Amino acid sequence: MSDWRVPGFTSTGSKRPDALFGAAAPDEVEGLPTRMTRAAGCRVWDAQGREYLDYVMALGAVALGYGHPAVNRAAEQAIATGVAGPLPPVLEEELAEALAARIPWLERVRFLKTGAEAVAAAVRLARVATGRERVLGCGYHGWLDWCQGGEGVPAETRSLYGEIPFNDVDGTRRLIREAGDRLAVVVVEPVVVIEPAREWLDVVRAETTRVGAVLVFDEIKTAFRLAVGGVAERYGVRPDLAVLGKALANGFPLAVVGGRADLMAGAGRTWISSTLATESVALAAARATLEAFVREDVCAHLHRVGTQLLHGLHRLHRKHADLVTGVGGIAEM
Ligand SMILES: Cc1ncc(COP(=O)(O)O)c(C=O)c1O
């Protein structure tokens, strides 16, 4: 493994062989796939040309299937129009409008390329709005300094970040109250393996408001899955800001930070900017993806086939408990 040109084998942590297959890495366990050459629909071909039925779906970044024809067509048209230029494309505002029509709490949005960037932008906007620095998070929010510890992250940055326990009503209430008027923002990944308890979401919402902090739903994994508008739509709990990514553009690189117009206006008082944030291929792909989700009620389909799959996996677990060590997750994801 140490001879790979890409340190750590891949730039995406969750695509490491040990993340996919467990501690036994593929160069030690002959036959496991390491790298791929092609994907189409629900199928993937590895470097040896072997074909697989894929359940990983690019870590959730693809919900319509790989290379979806309508999304590809939209992307190809965007390529033909030049991809990027000196001015923001008309498509940027059109997509913002289409998202707001379907997800009304996205009153204003900014586009970025990665989930990590978009969540970091939400945290920045919350700090601008509140003039406070402390952050409480729950779940995974990307690799950037504000939510990470360990080597390379300044201790002072780390000291501003704490975690609230998923689905723990009392613990969450206590930590938010303790942070009190030093708290800028609570960032919540609203599904961590299992669905959130309604009461927990209500407590997160009420307590964040109570201390005057901003509530961000990190819907990178849940939007365009549980519902187009994610957990906020399914549960009817409104965050102040939301972040979408992954399935949003069916595999093309795009993320969104959006929410209350007054909070988003803070973008004019700080610096959130990325050269290729509005290249038009991913924007076009996202618009085609959104259209497909609405036209074909994709979330209902994900619920149906996901439920069927989960039931089957649970049956296999019961039948072969020695081989199937565990089954988890929710149908749409
Ligand atoms: C909930 C959540 N937030 C943020 C991120 C970071 O997104 P990205 O890897 O696009 O930076 C991820 C990625 O897995 C995620 O699942």
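Residues numbered from 1 in each chain as written. Predicted model: local features only at pLDDT ≥ 70, side-chain atom pairs only at ≥ 80, totals over all residues.

*Asks:* Looking at this structure, how should I read the overall build of the chain?
*Replies:* From N to C terminus, the chain includes 12 helices and 10 strands. Taken over the C-alpha trace, the chain has a radius of gyration of 21 Å; the compact-globule value for 333 residues is 20 Å, and the two agree within 12%. Counting only C-alpha atoms and orienting by the principal axes, one finds that the chain spans roughly 55 × 50 × 45 Å. When the 333 residues of the chain are sorted by exposure, 38% land in the buried category. Considering only contacts in the chain between residues 6 or more positions apart, those separated by 24 or more positions represent 71%. (Helix = DSSP H or I, 4+ residues; strand = E, 2+ residues; numbered from the N terminus. Rg over C-alpha atoms; globule rule 2.2 N^0.38 Å. Buried ≥ 20, exposed ≤ 12 C-beta atoms within 10 Å, placed from the backbone. Contact = placed C-beta atoms within 7 Å.)

*Asks:* Can you help me understand the site of the ligand in this one?
*Replies:* As a matter of local geometry, the ligand sits amid 13 residues, with Thr-114, Gly-115, Ala-116, Gly-142 and Ile-220 nearest to it. It is helix α5 (residues 115-130) that contributes the most residues to the shell around the ligand, 3 residues altogether. Classifying every residue of the shell around the ligand gives 4 nonpolar, 6 polar and 3 charged. (Near = placed C-beta within 6 Å. Nonpolar A, V, L, I, M, F, W, Y, C, P; charged D, E, K, R; others polar.)

*Asks:* It is not clear to me how the sheet that holds strand β1 (residues 36-40) should be interpreted in this structure. Could you clarify?
*Replies:* Across a sheet, paired strands are connected by hydrogen bonds in the backbone, their directions being either parallel or antiparallel. What the 3 strands build is an open sheet, ordered β1-β2-β3; its pairing is antiparallel. Two strands lie at the open edges of the sheet, namely β1 and β3 (51-53), each paired on one side alone. Strand-to-strand twist in this sheet, taken as the mean axis angle between neighbours without regard to direction, amounts to 25°. (Pairing = 2+ DSSP bridges. Axes fitted to C-alpha atoms, helices over the stretch in contact; angles between N-to-C directions.)

*Asks:* Would you mind going over the packing of helix α3 (residues 69-80) against helix α11 (residues 280-295) with me for this structure?
*Replies:* Packed helix pairs are characterised by how far apart their axes lie and by the angle those axes make with each other. Interaxial distance between α3 and α11 falls to 8 Å at its minimum, and their mutual angle equals 150°. Comparing the axis directions of α3 and α11 gives the class roughly antiparallel. As α3 runs across α11, the sense of the crossing is right-handed. Contacts between α3 and α11 involve Ala-70, Val-71, Ala-74, Ala-75, Gln-77, Ala-78 and Ile-79 from the former and Ser-280, Val-281, Ala-284, Ala-285, Arg-287, Ala-288, Thr-289 and Ala-292 from the latter. (Parallel < 35°, antiparallel > 145°, perpendicular 65-115°, else oblique. Left-handed = near helix turned anticlockwise from the far one by under 90°.)

*Asks:* Before we go on, may I ask you to explain the pairing of β1 in this structure?
*Replies:* Walk down a regular strand and you will see the side chains alternate between the two sheet faces. Pairing between β1 and strand β2 (residues 43-46): 4 bridges, direction antiparallel. Looking at the pairing, Ala-40 lines up with Arg-43 of β2.

*Asks:* Just checking my understanding: could you explain the packing of helix α4 (residues 90-102) against α11 for this structure?
*Replies:* Two elements in contact, α4 and α11, have axes whose closest approach is 10 Å; the angle formed by their N-to-C orientations is 25°. When the interaxial angle is binned, α4 and α11 end up roughly parallel. The two elements α4 and α11 cross, and the hand of that crossing is left-handed. Contacts between α4 and α11 involve Leu-91, Glu-92, Glu-94, Leu-95, Ala-98, Leu-99 and Arg-102 from the former and Ser-280, Leu-283, Ala-284, Ala-286, Arg-287, Leu-290 and Val-294 from the latter. Of the residues that constitute the contact of α4 with α11, the class distribution is 9 nonpolar, 1 polar and 4 charged.

*Asks:* Mind showing me how you'd approach the confidence of the model for the chain here?
*Replies:* The predicted structure's coordinates, where accompanied by low pLDDT, should not be read in detail. Confidence in the prediction for the chain averages 96 pLDDT; 98% of positions are at 70 or higher. When mean pLDDT is compared element by element in the chain, strand β7 (residues 183-188) scores highest at 99, while helix α1 (residues 17-21) scores lowest at 89. (pLDDT = per-residue confidence, 0-100.)

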